[in-house]
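# A structural walkthrough
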Amino acid sequence: MLKDQFANVIRDLRMERGLSQEKLGFLAGLDRTYIWRIENAKRVPSIEVLFMLAKGLEINPSEIILKVENSISAV
């Protein structure tokens, strides 16, 4: 459940910014296939990757966590 909510938040943030998985991967310094795995709840990123994703999405890591928390409490 947590993994799925995190995946949804990352996908939503990426799409809100009009980024492809490839572009987010480039901006975050991650491979496009890794972005796909995160967004499909196949991988759970480390704290380091969370910060890399936040940089690529131009958002604070804490905001990502808050969005995940909010999506869990809404379920």
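Below is a short write-up of the structure.

The rules behind each value
- Residues numbered from 1 in each chain as written.
- Predicted model: local features only at pLDDT ≥ 70, side-chain atom pairs only at ≥ 80, totals over all residues.
- Heavy atoms only, no water.
- Salt bridge = Lys/Arg side-chain N within 4 Å of Asp/Glu carboxyl O.
- Buried < 20%, exposed > 50% of the residue type's maximum accessible area, 1.4 Å probe, protein only.
- Core = buried A, V, L, I, M, F, W, Y, C linked by side-chain atoms within 4.5 Å.
- Helix = DSSP H or I, 4+ residues; strand = E, 2+ residues; numbered from the N terminus.
- Contact = heavy atoms within 4.5 Å.
- 1 Å grid on protein atoms, 1.4 Å probe; cavity = no way out; pocket = protein on both sides within 12 Å on 5 of 7 lines; lining within 4 Å.
- Points joined across faces, edges and corners; volume = space filled by probe spheres on them.
- Nonpolar A, V, L, I, M, F, W, Y, C, P; charged D, E, K, R; others polar.

## A closer look at the pattern of salt bridges
Counted under the stated rule, the structure contains two salt bridges. Measuring nitrogen to oxygen at the nearest pair gives 3.8 Å for the salt bridge that ties Arg17 to Glu16. Here Arg17 falls in the partly exposed class, since its relative accessible area comes to 33%.

## Here we look at the nonpolar core
Counting residues in each nonpolar core, the largest one holds 19 residues, and the members touching the most others are Phe6, Leu53, Leu57 and Ile64. When residues of this core are traced back to their parent elements, those giving at least two are α1 (2–16), α2 (21–28), α3 (32–39), α4 (47–57) and α5 (61–74). For this core, the element with the highest residue contribution is α4, accounting for five residues. Aside from chain neighbours lying at most four places away, what touches Leu53 is Phe6, Ile10, Leu24, Ala28, Leu30, Ile35 and Ile38.

## Regarding the layout of surface pockets
For the largest pocket, the calculated volume is near 210 Å³. Counting residues per element, the lining of the largest pocket draws most heavily on α5, at four residues. Residues that form the lining of the largest pocket fall into these classes: nine nonpolar, one polar and three charged.

Honestly, that's just the spatial picture; any functional story needs more than this.
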